[in-house]
There are 2 protein chains.
Amino acid sequence: MSAQKEFDGIEAVMEESLKGRNYDEVRRILYGRAYPELELSQESKDLAVNGNFELKAYSISAQAEQLRAPRRVRITAIQNSIVLATTAPVCQQRKALHEKISVMIEVAALADANIVCLQEAWTMPFAFCTRERLPWTEFAESAEGGPTTQFLSQLAAKYGIVIISPILERDDEKDGVIWNTAVVISHTGKVIGKSRKNHIPRVGDFNESSYYMESTLGHPVFETAFGKIGINICYGRHHPQNWMMYALNGAEIIFNPSATVGELSEPLWGIEARNAAIANHCFTVAINRVGTEYFPNEFTSGDGRPGNTALLYFCRFITIPFFRGLSRTRDGVLIAEVDLNLCRQTKDTWGFRMTQRLDLYAKSLEKAARPDYRPDIRREK
Amino acid sequence: MSAQKEFDGIEAVMEESLKGRNYDEVRRILYGRAYPELELSQESKDLAVNGNFELKAYSISAQAEQLRAPRRVRITAIQNSIVLATTAPVCQQRKALHEKISVMIEVAALADANIVCLQEAWTMPFAFCTRERLPWTEFAESAEGGPTTQFLSQLAAKYGIVIISPILERDDEKDGVIWNTAVVISHTGKVIGKSRKNHIPRVGDFNESSYYMESTLGHPVFETAFGKIGINICYGRHHPQNWMMYALNGAEIIFNPSATVGELSEPLWGIEARNAAIANHCFTVAINRVGTEYFPNEFTSGDGRPGNTALLYFCRFITIPFFRGLSRTRDGVLIAEVDLNLCRQTKDTWGFRMTQRLDLYAKSLEKAARPDYRPDIRREK
């Protein structure tokens, strides 16, 4: 471990080191137009300070329309580290996370959040690299009636907010199989439905298909009181066609709850969700863990280095085509007040949907998926 | 016009203003690993200085393999402003551009370039916003035997380089229709084939379907002496499925010759080609014009502002998943020596191809393209 303080993020450095026009131009090229900060209640800010987590809020406006009123929604992303050691009893680890998150959700509610999304498999350490079954699979629980859904349903109803809860799911009502699932809880506290991870990494230690397989639920979109949402879990962000199908099903906001380590994927992180927002004229929200997770037994990495016991996460951001986010290292609540009318305005302005040629690609992919497909390669005659 | 010097680009500011670890971390998060500069011949550098254009070259390595030798290829992108006023005779405008480009290609050749790609419709001002037919359509010429292809074929054979020449094509041999086309000229000087623009913008002034329509040639990939290449012209970069089909046809390098104005799309520019390189484990090369083009007659913009007569371009970059580029404002030659083995290494490491689920998306897109498609939307019961 280095004694050096971890690097906090690009924005902090930019704000510190760049001045005047240089700052404005770099910000514009990296993040598009400037988004003003939102003023939040003192109570929410005090509670965040007490809880030792960051609280940031920005406003993303759209043009005024004549026939539609603005549809302003406060989207909230929560990033956090685990609380107890990965060797603590399962029940205690989960309880400690429930307690941490209940404070963060309270702060979000005090800041007038409408939709809150937590990170992937938020009730547990992300232990899938270890390949060990127990105790990790004991964190799996029913999407519809497990202790975490019960716990969050109460908070959702109490605060009148929609909560997206990505958990390790044990499909108890059907065949007891494990899935990587996001539960969508309405602002009334009821479960609207669930979405499962469509693409499973097979990268180094993270061959998560040791634990669960690809979703067979397709790309459901959930109509909530605060807009239509889809959930593209973790590694699905690398697949543009996955984002696209959520958008084609009408998603105005696509969440990407993730758990990914810095060394591996950090330079990709600022690109993929933004590209999805551009290509699909919707808001995207990428959420990753922060902190370091230590495991009792060594595990190997795909890079041939022996004896890992720790996973180092990074995070910051995102919402929206161009947007900044939280510290790379601290727990945090990120709020963006967006006007959902911006989705259709962008769709009409850029015309990507209209020019998408879905029929061409449906045919092309159908051919390309066949075992006997011959790529269209031209050579000099 | 502002008297203020135009902003040169993010990298220049970063290098000037950030020090030590701050610089390293910002660079890493934005651009991934560091790419060393290549040493070039003094002759090429002198000629670039004389020609008043930038010359930059970087090296992008791959891991050594046991069974495959490195396949090092020098990919070259050329960005340039037009030479004469848009009111000059067509022949003279084209001739002046031929002359400018012949010097830039000579420099590229002296710097050991293997593949050179020019910008979209490089023989002309990008006048499609005007909606006027003449004289602009007079710039259209035969892909196989027009004056520009003849001119570049000689250079390709002389220097032993592959040249990608994006032009306005008049399909004289068939039906005289105009297309937006990239001609691929082998290092022997022969035309290997051509590719056409798959997605046509209908954005503000740039409804280019006043001049040409979407390609019916699909996504051909050209096997050259220096690797397999595809050409995704301009607005096609907004469509992830377009990049994907070139990659599925085996492209190791996908070029994106473009003409796009700064105010509109600059914050998208750093995202889209990079995302395509990530998602498709190939090299991508985005090329835009630089400078300002003035037109004799006013044209309107989609933003309701009256009386445009000028289009202001910006450029810089790219090659490769993470890479930096040229000045936003100056003519330039950008060279990246890449090891094409990196494509398969990345494919194997990240597994995106393996986890792509093409069959799922072929079926999903087929359904989504139907007029009677009902999006999969779930509501609270």
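Residues numbered from 1 in each chain as written. Chains lettered and ligands numbered in written order. Predicted model: local features only at pLDDT ≥ 70, side-chain atom pairs only at ≥ 80, totals over all residues. Heavy atoms only, no water.

1. Focus: the pairing of strand 10 (residues 227-231) of chain B
Within a regular beta strand, the side chains point alternately toward one face of the sheet and then the other, so they alternate between its two faces.
Residues and elements named next belong to chain B.
Part 1 of the argument: Of all 5 residues making up strand 10, 4 are buried, and the element is well covered by its neighbours.
Part 2 of the argument: Pairing geometry for strand 9 (residues 221-224) and strand 10, over 3 bridges, is antiparallel. Across the sheet, the residue bridging to Phe222 is Ile229, located in strand 10.
Part 3 of the argument: Bridge analysis of strand 10 against strand 11 (residues 253-257) gives 3 bridges, and the strand direction is parallel. The residue bridging Gly230 from the neighbouring strand is Ile254, located in strand 11. (Buried < 20%, exposed > 50% of the residue type's maximum accessible area, 1.4 Å probe, protein only. Helix = DSSP H or I, 4+ residues; strand = E, 2+ residues; numbered from the N terminus. Pairing = 2+ DSSP bridges.)

2. Brief notes about the domain arrangement of chain A
Part 1 of the argument: Structurally, chain A comprises domain 1 (10-34) and domain 2 (40-369).
Part 2 of the argument: The gap between the C-alpha centroids of domain 1 of chain A and domain 2 of chain A is 27 Å. (Domains from an automatic or database assignment.)

3. Quick notes on the pattern of salt bridges
Part 1 of the argument: Under the counting rule described, the total for this entry stands at 46 salt bridges over all chains.
Part 2 of the argument: Among the ionic pairs, A:Arg379 bridges to B:Glu223, the shortest N-O distance being 2.7 Å. Here the residue A:Arg379 occupies a position in strand 16 (residues 377-379), and B:Glu223 occupies one in strand 9, the pair thus bridging two chains.
Part 3 of the argument: With a relative accessible area of 33%, B:Glu223 lands in the partly exposed category.
Part 4 of the argument: Connected through shared salt-bridge partners, A:Glu144, A:Glu169, A:Asp171, A:Lys194 and A:Arg196 make up one network. (Salt bridge = Lys/Arg side-chain N within 4 Å of Asp/Glu carboxyl O.)

4. Some details on the interface of chain B and chain A
Part 1 of the argument: Each partner contributes to the interface: chain B provides 87 residues, whereas chain A provides 87 residues.
Part 2 of the argument: Both faces combined, the contact of chain B with chain A buries some 7900 Å², and carbon together with sulfur accounts for 64% of it.
Part 3 of the argument: Among the residues chain B hides against chain A, the three largest losses belong to B:Trp350, B:Tyr361 and B:Glu380. Together they make up 9% of the total.
Part 4 of the argument: Linking chain B to chain A there are 4 salt bridges.
Part 5 of the argument: Where A:Glu266 meets B:Arg28, a salt bridge forms, and the shortest distance between an N and an O atom there is 3.0 Å.
Part 6 of the argument: Seen at the junction of chain B and chain A, the total is 40 residue pairs in polar contact (both at pLDDT 80 or more).
Part 7 of the argument: With 13 residues, the top contributor of residues to the side of chain B that touches chain A is helix 7 (residues 262-280) of chain B. (Contact = heavy atoms within 4.5 Å. Buried area = accessible area lost by both parts, 1.4 Å probe. Polar contact = N/O pair within 3.5 Å; in protein donor to acceptor, adjacent residues only side chain to side chain.)

5. Points about the relation of the copies chain B and chain A
Part 1 of the argument: Superposing chain B onto chain A requires a rotation of 180° together with a translation of 0.0 Å along the rotation axis, leaving an RMSD of 0.0 Å. In symmetry terms, the pair is related by a two-fold rotation axis. By C-alpha distance to the rotation axis, the residue of chain B lying nearest is B:Ala362, at 2.4 Å.
Part 2 of the argument: Both copies present the same face, since 100% of the interface residues in chain B are matched by interface residues at the equivalent positions in chain A. (Least-squares fit on C-alpha atoms with pLDDT ≥ 70 in both.)

6. Considerations on the sheet that holds strand 5 (residues 178-185) of chain A
Residues and elements named next belong to chain A.
Part 1 of the argument: Pairing within the open sheet is mixed, and its 7 strands lie in the order 1-15-2-3-4-5-6. Strand pairing shows two members of the sheet lacking a second neighbour, strand 1 (54-60) and strand 6 (191-196), which therefore form its edges. The average undirected angle you get between the axes of adjacent strands in this sheet is 25°.
Part 2 of the argument: Pairing of strand 1 with strand 15 (residues 332-339) involves 7 bridges; the strand directions are parallel. Residue Glu54 lies in a different strand from strand 15, and its bridge partner there is Gly332.
Part 3 of the argument: Running at roughly 155° to strand 2 (residues 72-79), helix 4 (residues 90-110) makes contact with strand 1, strand 2, strand 3 (115-117), strand 4 (162-170) and strand 15 of the sheet. (Axes fitted to C-alpha atoms, helices over the stretch in contact; angles between N-to-C directions.)

7. Section: helix 6 (residues 240-248) of chain A
Residues and elements named next belong to chain A.
Part 1 of the argument: For helix 6, a buried count of 9 out of 9 residues is recorded, marking the element as mostly surrounded by other parts of the structure.
Part 2 of the argument: Listed as buried for helix 6 are Pro240, Gln241, Asn242, Trp243, Met244, Met245, Tyr246, Ala247 and Leu248.
Part 3 of the argument: Downstream of helix 6 by a residue or two, Gly250 has a phi angle that is positive, lying close to 100°.

8. So, the sheet that holds strand 3 (residues 115-117) of chain B
Residues and elements named next belong to chain B.
Part 1 of the argument: If you trace the 7 strands from one edge of the open sheet to the other, you get 1-15-2-3-4-5-6, paired in mixed fashion. Looking at which strands have only one partner, the edges of the open sheet turn out to be strand 1 (54-60) and strand 6 (191-196). Shown here is a sheet whose adjacent strand axes are inclined to one another by a mean of 25°, direction ignored.

9. Structural notes on the packing of helix 6 of chain A against helix 9 (residues 358-368) of chain B
Part 1 of the argument: At a closest axis distance of 11 Å, the pairing of helix 6 of chain A and helix 9 of chain B adopts a crossing angle of 30°. In terms of axis orientation, helix 6 of chain A runs roughly parallel to helix 9 of chain B. Every pair of crossing elements has a handedness; the one defined by helix 6 of chain A and helix 9 of chain B is left-handed. Residues A:Gln241, A:Asn242, A:Met244, A:Met245 and A:Leu248 of helix 6 of chain A form the contact with helix 9 of chain B, whose own contacting residues are B:Tyr361, B:Ser364, B:Leu365 and B:Ala368.
Part 2 of the argument: Here the contact of helix 6 of chain A with helix 9 of chain B is built from residues that sort into 6 nonpolar, 3 polar and no charged. (Parallel < 35°, antiparallel > 145°, perpendicular 65-115°, else oblique. Left-handed = near helix turned anticlockwise from the far one by under 90°. Nonpolar A, V, L, I, M, F, W, Y, C, P; charged D, E, K, R; others polar.)

10. Here we look at the packing of helix 4 (residues 90-110) of chain B against helix 5 (residues 147-159) of chain B
When two helices pack together, their arrangement is given by the angle between the helix axes and by the axis-to-axis distance.
Residues and elements named next belong to chain B.
Part 1 of the argument: Two numbers describe how helix 4 lies on helix 5: the axes approach to 11 Å, and their chain directions differ by 15°. In this view, helix 4 runs roughly parallel relative to helix 5, as classed from their interaxial angle. Note that helix 4 runs across helix 5; the crossing there is right-handed. Residues Arg94, His98, Ser102, Ile105, Glu106 and Ala109 of helix 4 form the contact with helix 5, whose participating residues are Pro147, Thr148, Phe151, Leu152, Leu155 and Tyr159.

11. Details of the pairing of strand 5 (residues 178-185) of chain B
All names here are of chain B.
Part 1 of the argument: Burial analysis of strand 5 places 8 of its 8 residues in the buried class, the great majority of the element.
Part 2 of the argument: The side-chain alternation of strand 5 yields two buried faces, one formed by Ile178, Asn180, Ala182 and Val184 and the other by Trp179, Thr181, Val183 and Ile185.
Part 3 of the argument: Where strand 4 (residues 162-170) lies against strand 5, 8 bridges are found, and the strand directions are antiparallel. By the bridge assignment, Ile167 is partnered in strand 5 with Thr181.
Part 4 of the argument: Here strand 5 runs beside strand 6; their pairing, made up of 5 bridges, is antiparallel.

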